[in-house]
2 protein chains.
Amino acid sequence: MDTKQAVIALSCLAQEARLQIFRLLVQTSPAGLAAGEIAIRLNMPASTLSFHLKELSHAGLVKSVQSGRFVYYSTNFNTMNALMAFLTENCCGGEQSCSKPENCS
Amino acid sequence: MDTKQAVIALSCLAQEARLQIFRLLVQTSPAGLAAGEIAIRLNMPASTLSFHLKELSHAGLVKSVQSGRFVYYSTNFNTMNALMAFLTENCCGGEQSCSKPENCS
DNA sequence: TCTATATTTCCACAATAATGGAAATATAGT
DNA sequence: ACTATATTTCCATTATTGTGGAAATATAGA
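Residues numbered from 1 in each chain as written. Chains lettered and ligands numbered in written order. Predicted model: local features only at pLDDT ≥ 70, side-chain atom pairs only at ≥ 80, totals over all residues. Heavy atoms only, no water.

Draft legend 1. A look at the interface of chain A and chain B. Of the residues lining the interface, 35 residues belong to chain A; the matching set on chain B comes to 35 residues. Summed over both sides, the interface of chain A with chain B buries roughly 3200 Å², with 63% coming from carbon and sulfur. Counting the contacts that link chain A with chain B gives four salt bridges. Elements represented by at least two residues in the side of chain A that touches chain B include exactly helix H1 (3–13), helix H2 (16–28) and helix H5 (77–87) of chain A. A per-class count over the side of chain A that touches chain B returns 18 nonpolar, 11 polar and six charged. (Contact = heavy atoms within 4.5 Å. Buried area = accessible area lost by both parts, 1.4 Å probe. Salt bridge = Lys/Arg side-chain N within 4 Å of Asp/Glu carboxyl O. Helix = DSSP H or I, 4+ residues; strand = E, 2+ residues; numbered from the N terminus. Nonpolar A, V, L, I, M, F, W, Y, C, P; charged D, E, K, R; others polar.)

Draft legend 2. Geometry of the sheet that holds strand S1 (residues 33–34) of chain B. Residues and elements named next belong to chain B. Pairing in this open sheet of three strands is antiparallel, and the strands run S1-S3-S2 from one edge to the other. Edge positions in the sheet fall to S1 and strand S2 (62–67), since each has one partner strand and no second. Relative to strand S3 (residues 70–75), S1 runs antiparallel, the two being bridged by two bridges. In the strand pairing of S3, Ala-34 is matched with Tyr-72. (Pairing = 2+ DSSP bridges.)

Draft legend 3. Representation of a nonpolar patch on the surface within the structure. Residue and element names in this part refer to chain B. Together, Val-65, Phe-70 and Tyr-72 give the surface a local cluster of nonpolar side chains, amounting to about 280 Å² of exposed area. For Val-65, the location among the structural elements is in strand S2. For Val-65, a relative accessible area of 51% corresponds to the exposed category. (Patch = residues over 30% accessible without salt bridge, like charges linked within 9 Å, V, L, I, M, F, W, Y side chains within 5 Å. Areas by Shrake-Rupley, 256 points an atom, 1.4 Å probe, with all protein chains shown as cover. Buried < 20%, exposed > 50% of the residue type's maximum accessible area, 1.4 Å probe, protein only.)

Draft legend 4. Spotlight on the protein's contact with DNA strand D. Residues in close proximity to DNA strand D total 21 residues, the closest being Gly-36 and Tyr-73 of chain A together with Arg-18, His-52 and Arg-69 of chain B. Protein-adjacent atoms of DNA strand D, using a 4 Å cutoff, are sugar or phosphate at a proportion of 68%. At a separation of 3.2 Å, a phosphate oxygen of DNA strand D approaches a polar backbone atom of Ala-35 of chain A. In the environment of DNA strand D, a phosphate oxygen lies 3.4 Å from a nitrogen or oxygen atom belonging to the side chain of Ser-50 of chain A. (Near = heavy atom within 4 Å. Polar contact = N/O pair within 3.5 Å; in protein donor to acceptor, adjacent residues only side chain to side chain.)

Draft legend 5. Broad picture of the protein's contact with DNA strand C. With respect to spatial proximity, 21 residues lie near DNA strand C, and among them Arg-18, His-52 and Arg-69 of chain A together with Gly-36 and Tyr-73 of chain B are the closest. Protein-adjacent atoms of DNA strand C, using a 4 Å cutoff, are sugar or phosphate at a proportion of 68%. Within the side chain of Ser-50 of chain B, a nitrogen or oxygen atom sits 3.4 Å from a phosphate oxygen of DNA strand C. In the environment of DNA strand C, a phosphate oxygen lies 2.6 Å from a nitrogen or oxygen atom belonging to the side chain of Tyr-73 of chain B. Within the residue set of the surface near DNA strand C, elements represented by two or more residues are helix H4 (46–58) of chain A together with helix H3 (35–42), helix H4 (46–58) and S3 of chain B. When grouped by side-chain class, the residues that make up the surface near DNA strand C number eight nonpolar, nine polar and four charged.

As structure tokens, this is what we get:
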């Protein structure tokens, strides 16, 4: 992951509707949910949802599979994990205790 | 952390200049850097840097301490760790293997 | 108090992004 | 072929955000 990709991924998540979608998919992974089901659960117009799902896909944060008339969306953990790693890269200059940034304060 | 706070934090990071600043501070934590030193290292005009540091502070992602004429900025790991946790909350519905989302794919 | 240095505020311009209804497209079942 | 259902595309409107020079503010040292 480089800075440009990270900005795209972060911009994607930096939006209330998309953040809700993303978190819902994290929680329902790895199975994922059909677009319509997401729309119902988040009470979101189909066109708005579709717009946001496209953005999330483009950023590589979610993936989709078609199954009949349904399109199932789920989290792409590769991108997500890469993003997390990028944000904490070389934390505290590589100091021992910071290999897990949860330990930092 | 709630959705609103997370959006603020993510919006903050979803910007090339701020992401660079943030990562630089992650790497130089816990000591941090003076504003002027950040400006030099990132080759950024002082006013632009100041604007972005203010945003990062407001989002709780960095903290600052004044020391003489210098203001030292450093990462606020509390917010950062809370953000990470929020994004991966209840991953895969709480399934065992997903307690660490690095294991998910 | 005067000067040098560090940081922040002010301002105006330019560019980008979110929303949702209506229509279009795609798939399944009869 | 027809109907019902699922999803996406199109479009126009509205609002928000990043930028950097110049000036203002703050602190330290002589």
